[in-house]
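# Analysis of the macromolecular model
Chain residues, written in single-letter form:
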Amino acid sequence: MWTFRIHDTLSGALLTVVNPSSGSWRRSFTAIGSGSHVFQLRDAEERGAQTISDWKSLWRNITRPWARTLVVCWGDVPLYAGMIVSRKYDKTKGTLTVQHEEFAAILKRRHMYSLDSFNPSAALVLNNVSFQGLLRGVVLPGVNIAGAPYWTLPVDLPAAQSGSLSMTWYQYQGMTISDMLDEVSRMTGSPDWDFRPKFDA
C-alpha cells in the first residue's frame, strides 16, 4: 500500500506519517522530478485529540519549505522523495497544498562554496579519477562543506575511484553543482546516474 512520510531534510529523521487526500508525483532521469499533494486540515478524524492550535502548529512545522521532505513509499520502500518548496493554504476549503521537487533541485541552487566561504581564486580540482570519482567529487561540496552544518544533506555518495579523468572548476565561474554535472554528462563515455531515495538500514 502507498504510504507518505515527512522527513527532516537535513538529518533525514522521520517526523510523521501523513495521509494526503490527493496528489501526484513523478521521478525523472533527465530533469527534476516533482509533484504536489493536498491535505485536509479540517478533517476531525485526522486531527484526533489535538487542539486546533496544536494541529495548525504541527502543519506549519512539518511543511516548512526546504526544511522538510515528502517521501512516497510503496509499503516501506521509498520510491520518490521531494523537498517541499512551497505551500498554500486555502481558507475556504481548509486544504493545504504542498509543492515538492527531487533532490536535484537543490543542486541547481548550490555552488561549490557555502554562503560565507566564497573565494574567487579557489577551485574544485579533481585529478586522475573515474567517472564515478568525478561525480562524487562534484556532488560532495553541494551536500557537505566543513563548518557549514546547515549545508549538510544525508546523501550516500559512491566511493572515490581513481581513473584517467581530470577537471577543474573555479569559484569565480559561478557555476552551480548542477551546471558542473551537466558538463560531466556531456563528456564522451559519461554514464547515466540517478539520485535514488533510500532509507538507512
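It should be noted that the structure appears before, not after, this text.
Anyway, here's the lowdown on the structure attached to this text. (Residues numbered from 1 in each chain as written. Predicted model: local features only at pLDDT ≥ 70, side-chain atom pairs only at ≥ 80, totals over all residues. Heavy atoms only, no water.)

## Let's talk about the nonpolar core
Short version of the rule: Buried residues of nine kinds, namely Ala, Val, Leu, Ile, Met, Phe, Trp, Tyr and Cys, make up a nonpolar core once their side-chain atoms join them within 4.5 Å. A simple rule labels every residue: compare its accessible area, found with a 1.4 Å probe on the protein chains alone, to the largest value its type can have, and call it buried under 20%, exposed over 50%, or partly exposed in between. For the purposes of this entry, the term helix denotes a DSSP run of H or I that reaches at least four residues, the term strand denotes a run of E that reaches at least two, and both are numbered from the N terminus. In what follows, a contact means two residues having at least one pair of non-hydrogen atoms within 4.5 Å.
Core analysis: the biggest nonpolar cluster contains 25 residues, and Leu-126, Leu-134, Val-138, Trp-169, Met-180, Leu-181 and Val-184 have the highest contact counts within it. Elements that contribute at least two residues to this core include exactly helix H3 (104–107), strand S8 (123–129), helix H4 (131–143), strand S9 (165–170) and helix H5 (177–185). Sort the elements by how many residues they give to this core and H4 lands first, with six residues. Not counting chain neighbours up to four residues away, the residues in contact with Val-184 comprise Phe-131, Leu-134, Leu-135, Val-138, Trp-169 and Ser-190. Grouped together as the second largest cluster of nonpolar side chains are 14 residues, Ile-6, Val-18, Leu-41 and Trp-55 included.

## Here we look at H4
Our working rule: A helix is expected to reach a length of 1.5 Å times the quantity of its residues less one. Two N or O atoms form a polar contact when they lie within 3.5 Å of each other; inside protein one atom must be a possible hydrogen donor and the other a possible acceptor, and for residues adjacent in sequence the pair counts only when both atoms belong to side chains.
Along its 13 residues, H4 runs 19 Å from first to last C-alpha, staying within 8% of the 18 Å computed at 1.5 Å per residue. Burial of H4 is extensive: ten of the 13 residues sit out of reach of the surface. The set of residues buried in H4 consists of Phe-131, Gly-133, Leu-134, Leu-135, Gly-137, Val-138, Val-139, Pro-141, Gly-142 and Val-143. Next to the buried residues of H4 lie S8, S9 and H5. N-cap assignment for H4: the residue whose side-chain oxygen lies 3.3 Å from the backbone N of Gln-132 is Ser-130.

## Things to note about the environment of Asp-156
In this structure, Asp-156 sits in the loop between H4 and S9. Taking C-alpha positions, Asp-156 is 9.1 Å from Lys-198, a pair spaced 42 residues apart along the chain. A distance of 2.6 Å separates the side chain of Asp-156 from the side chain of Lys-198, its partner in a polar contact.

## Notes on a nonpolar patch on the surface
To be explicit about the condition: Only residues whose relative accessible area exceeds 30% and that take part in no salt bridge are eligible for patches, with like-charged residues grouped when within 9 Å of each other and nonpolar side chains (Val, Leu, Ile, Met, Phe, Trp, Tyr) grouped when within 5 Å. Surface exposure here means Shrake-Rupley accessible area, sampled with a 1.4 Å probe, where a residue is shielded only by the protein chains that are shown. In what follows, salt bridge is the name for a side-chain nitrogen of Lys or Arg lying within 4 Å of a carboxyl oxygen of Asp or Glu.
Among the surface-exposed residues, Met-1, Trp-2, Trp-74, Val-77 and Leu-79 lie close enough to one another that they form a single nonpolar patch of about 560 Å² accessible area. Secondary-structure assignment places Leu-79 in strand S6 (residues 77–90). Residue Leu-79 is classed as partly exposed on the basis of its relative accessible area, which comes to 32%.

## Quick look at the pattern of salt bridges
For the structure on display, the rule yields five salt bridges. Note that Arg-27 is salt-bridged to Glu-102, the shortest N-O span being 2.8 Å. Of this pair, Arg-27 sits in the loop between strand S3 (22–26) and strand S4 (34–40) while Glu-102 sits in the loop between strand S7 (95–101) and H3, placing them 75 residues apart in sequence. Given the relative accessible area of 26%, Arg-27 is considered partly exposed. One salt-bridge network, held together by shared partners, links Arg-27, Glu-102 and Asp-194.

## Concerning a positive patch on the surface
The test is simple: His is not counted, nor are the chain ends, whereas Lys and Arg count as positive and Asp and Glu as negative. Note that the charge is assigned to NZ on lysines, CZ on arginines, CG on aspartates and CD on glutamates.
On the surface, a cluster of positive charge is contributed by Arg-42, Lys-56, Arg-60, Arg-64, Arg-87 and Lys-91. Here Arg-60 lies in helix H2 (residues 52–62).

## Some points on the side chain of His-37
By secondary structure assignment, the location of His-37 is in strand S4. Of the polar contacts made by the side chain of His-37, one reaches the side chain of His-100; its length is 2.9 Å. Those residues in contact with His-37 that sit more than four places away from it in its chain are Phe-4, Pro-20, Ser-22, Gly-23, Ser-24, Trp-25, Leu-70, Val-72, Leu-96, Thr-97, Val-98 and His-100.

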